[in-house]
Amino acid sequence: MVWQTLADATVHIRRSQVAMVAAAPGVGKSAFTLNLAIRSGCRGIYMSADSDEATQAIRAAAIITGDRVQEIEVAYKAGKADRYDKALKEFTRVWFDFDAAPSLAQIEEEVLAYAYMYGQWPEILVLDNLANVFDETGGEGFSSLEHTMSFLVDLARKTEAAVVVLHHVVGDAESGDQPLKLKDIRGKITKLQTLVLGLAYTDTFTPLGRAMGVYVLKNRSGKASAAGDLMVELTADLDRMLITDMESGGGVPDAVWEEFKTPFETEGTEDRRIYEEM
């Protein structure tokens, strides 16, 4: 469990099951799932077909250290990123694969290699994302997507891993700021997975920007609404790649508060001194 508000809404990503996280490009589905993979404490595999190694390394370093993505990029360009290299090397729970178009056979081989390496099946397997998978059976469109999902369901059952697959949306939902419905899932691939979450920005603003809405579109183990009527808001601090509960810290991390607290506290100091002397 990473987000208490989602757990309160009966949303749980479970082992032996397949969960889907769908959103428009740029909304933060990769950030959401990377937070899940890192902060859950689970051991497993993150297949990052959609993002390259440098991008994911910087994002992961931001989540682990709490530093801004921009600061980390500057540190690497200046050759002063030893602290981030150390943090990433110490984080060994998740095995990353960066094949841009993995086939189903390659995914299976990756899972077997993990089992041989660690003597156990992965607890979590992330596939980022469904559209990047190469279907060696020659299927196209819906047929290919359905075949991949069927493979993932079987893989989840055999390994007892929590399989999380990322996917796109279509139509007006591609704007990234519209309420999502189950019918917005690209290819209408929604029958095999037990949990379908849709991400979109809401009209709620936090000190860190617009809130991220998590629409619970399908949930065999709890509450859901295919019409998009069940939504949980999370704070999205994409500067630090952190997705957190709205209640945590009032939405403003301590590190951010410290940056502007001092000028705020010193403002009007002279006026207060004169008043106190009077």
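Residues numbered from 1 in each chain as written. Predicted model: local features only at pLDDT ≥ 70, side-chain atom pairs only at ≥ 80, totals over all residues. Heavy atoms only, no water.

Next up on the list: the overall build of the chain. The helix and strand inventory of the chain stands at nine helices and nine strands. The buried share among the 278 residues of the chain stands at 47%. When contacts within the chain are restricted to residue pairs at least 6 apart in sequence, those whose partners lie at least 24 apart make up 68%. With the model as given, the accessible surface of the chain reaches about 13,900 Å², and the carbon-plus-sulfur share is 51%. (Helix = DSSP H or I, 4+ residues; strand = E, 2+ residues; numbered from the N terminus. Buried < 20%, exposed > 50% of the residue type's maximum accessible area, 1.4 Å probe, protein only. Contact = heavy atoms within 4.5 Å. Areas by Shrake-Rupley, 256 points an atom, 1.4 Å probe, with all protein chains shown as cover.)

Further remarks concern the packing of helix H4 (residues 69-77) against helix H5 (residues 82-90). With their axes 9 Å apart at the nearest point, H4 and H5 run at an angle of 110 degrees to one another. The angle between the axes of H4 and H5 places the two elements in the roughly perpendicular class. Here H4 contributes Ile72, Ala75 and Tyr76 to the contact with H5, which in turn contributes Tyr84, Asp85 and Leu88. Its residues assigned to classes, the contact of H4 with H5 shows five nonpolar, no polar and one charged. (Axes fitted to C-alpha atoms, helices over the stretch in contact; angles between N-to-C directions. Parallel < 35°, antiparallel > 145°, perpendicular 65-115°, else oblique. Nonpolar A, V, L, I, M, F, W, Y, C, P; charged D, E, K, R; others polar.)

Both strand S8 (residues 231-237) and strand S9 (residues 242-245) contribute to a ladder of four bridges, which runs antiparallel. Across the sheet, the residue bridging to Thr235 is Thr244, located in S9. Where S8 folds back onto S9 in an antiparallel hairpin, the turn is made up of four residues, including Met241, whose phi is positive at roughly 60 degrees. (Pairing = 2+ DSSP bridges.)

Strands belonging to one sheet form pairs held by backbone hydrogen bonds; the direction of such a pair is parallel or antiparallel. Strand order in the open sheet made by the nine strands is S3-S2-S4-S5-S1-S6-S7-S8-S9, with mixed pairing throughout. Since the sheet does not close on itself, it has two edges, and those belong to strand S3 (94-97) and S9, each with one partner. The mean angle between the axes of side-by-side strands here comes to 25 degrees, regardless of whether they run parallel or antiparallel.

A word on the confidence of the model for the chain. Here the chain averages 89 in pLDDT, while 87% of its residues score no lower than 70. Counted against residues more than four places away or in other chains, residues 248-269, with its pLDDT under 50, gives 13 contacts. Residue range residues 271-278 is modelled with pLDDT below 50. Its contacts to residues more than four positions away, or to other chains, number two contacts. (pLDDT = per-residue confidence, 0-100.)

This brings us to the pairing of strand S5 (residues 162-167). Of all six residues that make up S5, six are buried, and the element is covered over most of its length. Burial along S5 is two-sided: Ala162, Val164 and Leu166 and Val163, Val165 and His167, pointing in opposite directions, are all buried. In terms of strand pairing, strand S1 (residues 18-23) meets S5 through five bridges, oriented parallel. In the sheet register, Val21 faces S5, and the bridge partner there is Leu166.

Within the secondary structure layout, Asn35 lies in helix H2 (residues 29-39). The class for Asn35 is buried, based on a relative accessible area of 0%. A sequence separation of 207 residues divides Asn35 from Leu242, and the C-alpha atoms of the two residues are 6.8 Å apart. Beyond its immediate stretch of four places on either side in the chain, Asn35 contacts Val2, Trp3, Ser40, Ile63, Met241, Leu242 and Ile243.

Per the stated rule, a full pass over the model turns up seven aromatic pairs. Between the aromatic rings of Tyr46 and Phe96, the centroid separation amounts to 5.3 Å while the plane-to-plane angle is 25 degrees, which identifies the pairing as stacked. Here Phe96 lies in strand S3 and Tyr46 lies in strand S2 (residues 44-48), a separation of 50 residues in the sequence. With relative accessibility at 0%, the residue Tyr46 sits in the buried group. Aromatic pair Phe96 and Phe98: ring centres 6.0 Å apart, planes at 10 degrees, arrangement stacked. (Phe/Tyr/Trp six-rings, centres within 6.5 Å; stacked < 30°, edge-to-face > 60°.)

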